[in-house]
Amino acid sequence: MTKKIFKSIILVAGTILMASMIIIMGCLYDYFEGVRERGLKDQLGLAMAAVEDEGTRYLENIKSNSYRLTWIADDGKVLYDTAADEAKRENHLERAEVKSALETGEGQSNRYSDTLLEKTMYYAKRMKDGSVLRISTSSATVGLLVLGMLQPILIVVALALIMSGILAGRLSKRIVKPLNELDLDNPLENDAYEEISPLLGRINKQKQEIQAQLKELQKREAEFAQITACMKEGLVLMDKRGRILSINPAADKIFASDREAVGRNFLSIYRDHEMSSCIKKALECGYDEIQQSRFGREYQCHVSRIESDGDVLGMVLLIFDVTEKVQAEQNRREFTANVSHELKTPLQGIIGSAELIENGMVKQEDLPRFMGHIRKEAMRLVALVEDIIRLSRLDEKPDLVKEQVDLLEIAREAAENLKGIANDKHVRIQVKGEPVTLFGVGELLYEIAYNLCDNAIKYNVDGGSVELSVAKDEQTAVLTVTDTGIGIPKEHMDRIFERFYRVDKSHSKESGGTGLGLSIVKGAVACHRGTINMKSTENSGTTIEVTLPL
Ligand code: ADP
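Residues numbered from 1 in each chain as written. Predicted model: local features only at pLDDT ≥ 70, side-chain atom pairs only at ≥ 80, totals over all residues. Heavy atoms only, no water.

Chemist: What exactly am I supposed to notice about the environment of Ser172 here?
Modeler: Relative to the helices and strands, Ser172 is located in helix 5 (residues 150-180). Here Ser172 falls in the buried class, since its relative accessible area comes to 1%. Aside from chain neighbours lying at most four places away, what touches Ser172 is Thr2, Ile5, Phe6 and Ile9. (Helix = DSSP H or I, 4+ residues; strand = E, 2+ residues; numbered from the N terminus. Buried < 20%, exposed > 50% of the residue type's maximum accessible area, 1.4 Å probe, protein only. Contact = heavy atoms within 4.5 Å.)

Written out as structure tokens, the structure reads:
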């Protein structure tokens, strides 16, 4: 801007200077030409009087270089010329000034030299005898005048330009300084120039609009960040080159990246051939998905292309944790295989015995034994099916009706129902503790007490004992089942709550176990948001403690 103002001032100053010089020189030239013309006329008047008196004698005596006098007869013939010799005197009848003088009494004309640098002024007057006396003088034209004065003109122009340059420099800086010092943060508080007030007003309005938009944008960004931060699913936004635009904390955790990941290529953070192909395919086809294992968990990754008006803007990667789903799927598969196997074994026993009886291959005295075997296997099947039904009910997590129940009462009921089996094994059952009322599902609490007590009897030694105790503290009820049985080897402790897992398969089957008792206990405890604790020593006994919130 300073430069522009500077140039403008110089241009204006230069133009004014040139225009003034031209006008002044034109006026001066005009003025001096008028003076010269008047002088010429006076000279001619004097010369006419002298020529009328003395004739050519007067003209012959004239020795002037400034003027030229020509005496022309009324037929145009030159009678005398103070400048040209006789040979060069041609007829002047057609000369404009002569013609005019012959016709009107006086005439005037100007003629220029071939180079236009010299101007000759002619003035002619008719004398009393009809002849014409003409006076002429030559002078430099304006062009020549300017040429002659070129040096001083240039000096003046140069001086004027230097002066206006200095002044223009200072002036432009002075004009621009207040503009440079404008406080655009507070546009309305400036009073530099009144003329820019509307502009400052507009700037202020726009500033307010921008601030409002910025605020809105920041609010939305914060909202977006908050929403994505709370998301359990991983979310990665990428541009079409795969550069990360946004990544939420869940995705950071999955790909072990940090906040610095924004701006970097996603594949430089997570180098994986499958993911690279997935992104490529999504970019080409619009969508693709893969399953990935990270840190022992399973993730389903969906990549979608983002488009706007046919232009690809980028991609969005959504990551879902499907570990539980995959695990459940695998458990289901294993469970189905186990169930088929567990059902098949007693059925084969039943079919085998029935075939032998049918074919008359069983002696009469062995018949009760075979029938007993069939009944035992059938009962095992019934027990198994019942346990499967109980488990699948727990898996489906129906809306179980909770009510106030007394845990001690339930423990007593379970012990009572198992008394027969315990007596058969010569195992003593004892129920201890105080009545504890908790808000729970009576049926499931009974399952817990029954299965734990059943195991404590089943895996006990002849003449051993089982103790069920119920206690409570401020917020929890505790059911503890202690036995003096065979105990559980350490290496099996982690697995006995798995479905169909048994430490000793034959012992379990022998004692009518299905391998599902502890799975049911686990499910029922989980339904009450409780916990299970177990201590066991081989050949000494086991203590299982179930803690349930009141
Ligand atoms: P089962 O029907 O075989 O008893 P459970 O799921 O109830 O199935 O128990 C799983 C396995 O855990 C049993 O087969 C047994 O080996 C072991 N077990 C459970 N309770 C006890 C206990 N109190 N003492 C010793 N071993 C036990």
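Chemist: Sorry, what's going on with the sheet that holds strand 4 (residues 118-126) here?
Modeler: Strands belonging to one sheet form pairs held by backbone hydrogen bonds; the direction of such a pair is parallel or antiparallel. Read across the sheet, five strands follow the order 2-1-5-4-3 without closing on themselves; strand pairing throughout is antiparallel. The sheet terminates laterally at strand 2 (78-81) and strand 3 (106-112), the two strands that pair on one side only. Pairwise comparison of adjacent strand axes, ignoring direction, gives a mean angle of 20 degrees for this sheet. Sheet topology places strand 4 next to strand 5 (residues 132-140); nine bridges connect them, and they run antiparallel. The residue of strand 5 that forms the bridge with Tyr123 is Ile135. (Pairing = 2+ DSSP bridges. Axes fitted to C-alpha atoms, helices over the stretch in contact; angles between N-to-C directions.)

Chemist: What exactly am I supposed to notice about the nonpolar core here?
Modeler: Across soluble globular proteins, you tend to see nonpolar side chains buried next to one another. Ranked by internal contacts, the top residues of the largest apolar core, which has 51 residues, are Ile448 and Leu479. Considering every element that reaches this core, the biggest residue donor is helix 14 (residues 442-458), with eight residues. Ranked by size, the runner-up nonpolar core spans 22 residues in total, among them Ile254, Tyr270, Ile279 and Ile319. (Core = buried A, V, L, I, M, F, W, Y, C linked by side-chain atoms within 4.5 Å.)

Chemist: I would appreciate a short explanation of the packing of helix 12 (residues 407-417) against helix 14 in the present structure.
Modeler: How two helices sit against one another is set out by the angle between their axes and by the gap between those axes. Packing of helix 12 against helix 14 brings their axes to within 9 Å, and their N-to-C directions diverge by 50 degrees. In terms of orientation, helix 12 lies oblique with respect to helix 14. When the axes of helix 12 and helix 14 are compared, the crossing they make is right-handed. The residues of helix 14 that touch helix 12, namely those facing Leu407, Ile410, Ala411, Glu413, Ala414, Ala415 and Asn417, are Gly442, Leu445, Tyr446, Ala449, Tyr450 and Cys453. The class makeup of the residues in the contact of helix 12 with helix 14 is 10 nonpolar, two polar and one charged. (Parallel < 35°, antiparallel > 145°, perpendicular 65-115°, else oblique. Left-handed = near helix turned anticlockwise from the far one by under 90°. Nonpolar A, V, L, I, M, F, W, Y, C, P; charged D, E, K, R; others polar.)

Chemist: In this structure, what is going on with the sheet that holds strand 7 (residues 244-247)? I would like to understand it.
Modeler: Ordered in space as 7-6-10-9-8, the five strands form an open sheet in which the pairing is antiparallel. What marks the edges here is a single partner per strand, and that holds for strand 7 and strand 8 (287-294). Taking the axes of each pair of neighbouring strands and ignoring which way they run, one obtains an average angle of 20 degrees across the sheet. Across six bridges, the pairing between strand 6 (residues 234-239) and strand 10 (residues 311-321) is antiparallel. Looking at the pairing, Leu237 lines up with Val316 of strand 10. Packed onto the sheet, helix 9 (residues 273-285) meets strand 6, strand 8, strand 9 (297-308) and strand 10 and runs at close to 165 degrees relative to strand 8. Of the strands in this sheet, strand 8, strand 9 and strand 10 are in contact with helix 10 (residues 323-358), which crosses strand 9 at around 130 degrees.

Chemist: For this particular structure, what's the right way to read the packing of aromatic side chains?
Modeler: Two descriptors summarise a pair of aromatic rings, namely the distance from one centre to the other and the angle between the planes of the rings. Here the structure, examined in full by the defined rule, presents six aromatic pairs. A ring pair is formed by Phe255 and Tyr270, whose centres lie 4.7 Å apart and whose planes are at 55 degrees; its orientation type is tilted. Highlighted residues: Phe255 in the loop between helix 7 (249-254) and helix 8 (266-269) and Tyr270 in the loop between helix 8 and helix 9, separated in sequence by 15 residues. When its relative accessible area of 3% is taken as the criterion, Phe255 is described as buried. (Phe/Tyr/Trp six-rings, centres within 6.5 Å; stacked < 30°, edge-to-face > 60°.)

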